[in-house]
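# Secondary and tertiary structure notes
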Amino acid sequence: MAFRALKEKYRSKVGEVVLGATKEQGGTRGYTITVGGESALPFLHFEGEIPNRPVVALEVRDVAPVDWHACFSRYYGDVFADPVAWAKKCVEEFAADLIVLRLEGADPDGKDASPEDCAKVVQNVLAAVECPLVVFGCGKPEKDNKVLPAVAEAAVGENLLIGVAEQENYKSLTAACMVHKHNIIAQSPIDINICKQLNILITEMNLPANRIVIDPTIAAVGYGLEYGYSIMERARNGALQGDSMLAMPMIGNVGYEVWRIKEANSSIEDFPGWGEQEPRGILWEATTAGALLQAGMNIVVMRHPKAAALVKENISELMQKTELEN
Amino acid sequence: MFIIGERINGMFKDIAQAIRDGDPRPIQEWAIKQEAGGARYLDINTGPAAKDQVKTMRWLVEKTQEVSNLPLALDSTNYDAIEAGLEICKHPAMINSVPAEWPKMERVFTMALKYNAAVIGLAMNEQGIPKDADTRVALAMELVAAADSYGLPMEDLYIDPLVLPCNVGQDHGPEVMQTLRQVKLLADPSPRTVVGLSNISQGTKNRELINRIFAAMGVANGLDAAVADACDHELIEAIATARIIMNLDIYCDSYVEIYRKQQK
């Protein structure tokens, strides 16, 4: 008797979010990226449609990072001081699907760049690359509430993805995304209940659900990845069973999480049994991303170009339908 | 669990009067209110007084659809009236109901397939309402087999175990709960379950309390739908909460409002 796969039938699917806008759409991007839309669990092509492949972003900062491992100098050393050249390199040389620009320079305890200066950096990066752009603030809510609305206004029409909104601080960013027509990152601290509630709060301000991307907060392999993984699993199952307040695509800061742990940074001299530092760090980052893709991550934000390349290859393989699925 | 809004029923005085007068307003007001309350279907019952059941059903369907986009559950023992309603339903409807009896099942399942409708199957036959769960389940199995033979998908078959008022038929309570659990084992995918909620409290003095406790217990035992008053806010709150406790919906602080909204 021929083998018949038992298929799960789902009521609903993950919503699609479009990032970027071309000239015809009122922006200046060379192309847009659509994430989400899957009507089955990750890569189970035989149970539903996976219309959009997950995408790989590379991280760019507006100021030269001080805490990055020396191994990154070989790739980014010549562009660390120039976010425009850095972004170009990520796209042209390292084939990033899109750029994540982190406005660390806004940090009041650091350079304390003004909202206007931050907006200018965003405009300059937009002028230099044609891919869609994700913009993060410096992570200090009080300052981000000034910086991110200025960015949203300066980049009107570009359909950016801007983050982050949190349960205790979502109103000003939501309003800015509403007025200037951008997408928002809704971040919750590894908590499915807050994740859902925050999406409700944002949609109650009339930002449509198809303009929200969930940041469930993830951790590196060995540092509690499984907590984020199980939250993502629950969100995906919820979405497929019709819970519209969990049916948004998801983004994860993989590079950021991996490159602050000792397993990625320690030298072989300190831990002779662990092997060479750089290939170890690359594999740690790629493995973390690979696990999260299996939980339904749609946008992985990477740091090491070689890890990004490995993940892109992994995604291409996962997007191919097997014999069973055809 | 979802609500089939019960209020458009000729048994209610205001609806009976509206049917007599040909006045659509009370019907449309209730349709709007039940939808706002969180109903996913609207039950349409001509009531026993209407002289021309076919004409009345068609009129009720028309007037309801003028103000609501919800699918309808056509509630009648007159299958000509149901068919007249099905002909003009804008969305796939529900037929309420058929007992485990021939040739009634033939008529109803044939209609269901023709109009892409779901069916409520009553766990009873010519001998009346069974006393115990085993007999109810046996009749449910007859409905499952008949539905399957006509090609009705199991997700479109709603088994009603039949609820009796808790003051006179107290011994039926546990049998109904057991039936709800066992019906889920009859087929894979399993048929769904439904009850006429207000039957449980007929003739009692605590109707709303009894209704909502029964609904919560039903959710715990696998109940999928209830013909009930969607404007009973405490009932909706109880159902939303039971769904959280049974891990059917993911908790968030606004879970009651979200339950109400997501019915649409």
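Residues numbered from 1 in each chain as written. Chains lettered and ligands numbered in written order. Predicted model: local features only at pLDDT ≥ 70, side-chain atom pairs only at ≥ 80, totals over all residues. Heavy atoms only, no water.

## Things to note about the overall build of chain B
Heads up, the rule is: Only runs of H or I of at least four residues qualify as helices and only runs of E of at least two qualify as strands under DSSP, and these elements are numbered from the N terminus. Atoms counted for the radius of gyration: C-alpha only. Globule rule: 2.2 Å times the number of residues to the power 0.38. Each residue is assigned to one of three classes by its accessible area relative to the maximum for its type, calculated with a 1.4 Å probe on protein chains only: buried under 20%, partly exposed between the two thresholds, exposed over 50%. In what follows, residue pairs with any heavy atoms lying within 4.5 Å of each other are defined as contacts. In these tables, accessible area is a Shrake-Rupley quantity obtained with a 1.4 Å probe, and a residue counts as shielded only by the protein chains included in the view. In this count, Lys and Arg are taken as positive residues and Asp and Glu as negative ones, while His and the chain termini are left out. Every charge is mapped to an atom, namely NZ of Lys, CZ of Arg, CG of Asp or CD of Glu.
Helix and strand content of chain B: ten helices and eight strands. In summary, chain B has a C-alpha radius of gyration of 17 Å against a globular reference of 18 Å for 264 residues, a match within 12%. Its C-alpha atoms give chain B principal-axis dimensions of roughly 45 × 45 × 35 Å. Within chain B, the fraction of its 264 residues that count as buried is 56%. At a minimum sequence separation of 6, the contacts of chain B that also span at least 24 residues come to 68%. Total accessible area computed for chain B in this model is approximately 11600 Å², and 51% of it derives from carbon and sulfur atoms. Of the side chains in chain B, 26 bear a positive and 36 a negative charge, and the two mean positions are spaced by 5 Å.

## A word on the interface of chain A and chain B
Note the following rule: Buried area: the accessible area, evaluated with a 1.4 Å probe, that two parts lose upon being put together, summed over both parts. Criterion for a salt bridge: a side-chain nitrogen of Lys or Arg within 4 Å of a carboxyl oxygen of Asp or Glu. Contacts described as polar in this section are N or O atom pairs within 3.5 Å, which, within protein, must combine one atom able to donate a hydrogen with one able to accept it, while residues neighboring in sequence count only if both atoms come from side chains. Think of it as three bins: nonpolar holds Ala, Val, Leu, Ile, Met, Phe, Trp, Tyr, Cys and Pro, charged holds Asp, Glu, Lys and Arg, and polar takes everything else, Gly as well.
Taken residue by residue, the interface counts 16 residues in chain A and eleven residues in chain B. Of the roughly 1100 Å² buried between chain A and chain B on both sides combined, carbon and sulfur atoms contribute 44%. At the junction of chain A and chain B, the tally comes to one salt bridge. Measuring nitrogen to oxygen at the nearest pair gives 3.3 Å for the salt bridge that ties Glu-155 of chain B to Lys-9 of chain A. Taken together, the links from chain A to chain B amount to six residue pairs in polar contact (both at pLDDT 80 or more). Put simply, the parts of the chain that give the side of chain A that touches chain B at least two residues each are α6 (192-204) and α7 (225-240) of chain A. For the side of chain A that touches chain B, the element with the highest residue contribution is α6 of chain A, accounting for six residues. Here the residues of the side of chain A that touches chain B sort into four nonpolar, six polar and six charged.

## Looking at the environment of Glu-93 of chain A
Relative to the assigned elements, Glu-93 of chain A resides in the loop between α2 (83-92) and β4 (98-102). Considering only alpha carbons, one finds Glu-93 of chain A and Tyr-75 of chain A, 18 residues apart in sequence, at a separation of 9.8 Å.

## Observations concerning the sheet that holds strand β10 (residues 299-302) of chain A
All names here are of chain A. Put simply, the rule reads: A pair of strands counts as paired when DSSP detects no fewer than two bridges linking them. Note on geometry: axes are lines fitted to C-alpha atoms, helical ones only across the stretch in contact, with angles between N-to-C directions running from 0 to 180 degrees.
Spatially, β8-β7-β6-β5-β4-β3-β10-β9 is the arrangement adopted by the eight strands of the open sheet, whose pairing is parallel. Each edge of the open sheet carries a strand with a single partner, namely β8 (212-215) and β9 (251-252). In this sheet, β10 lies alongside β9 in parallel orientation, the contact comprising two bridges. Within β10, the position partnered with Gly-252 by the bridge is Val-300. Sheet strands touched by α2: β3 (55-61) and β4. Its angle to β3, the strand with the most contacts, is close to 160°.

## Quick look at the pairing of strand β1 (residues 16-19) of chain A
Residues and elements named next belong to chain A. Burial of β1 is one-sided: the residues Val-17 and Leu-19 facing one way are buried, the residues Glu-16 and Val-18 facing the other way are not. In this sheet, strand β2 (residues 33-36) lies alongside β1 in antiparallel orientation, the contact comprising four bridges. When the bridges of β2 are listed, Val-17 appears paired with Val-35.

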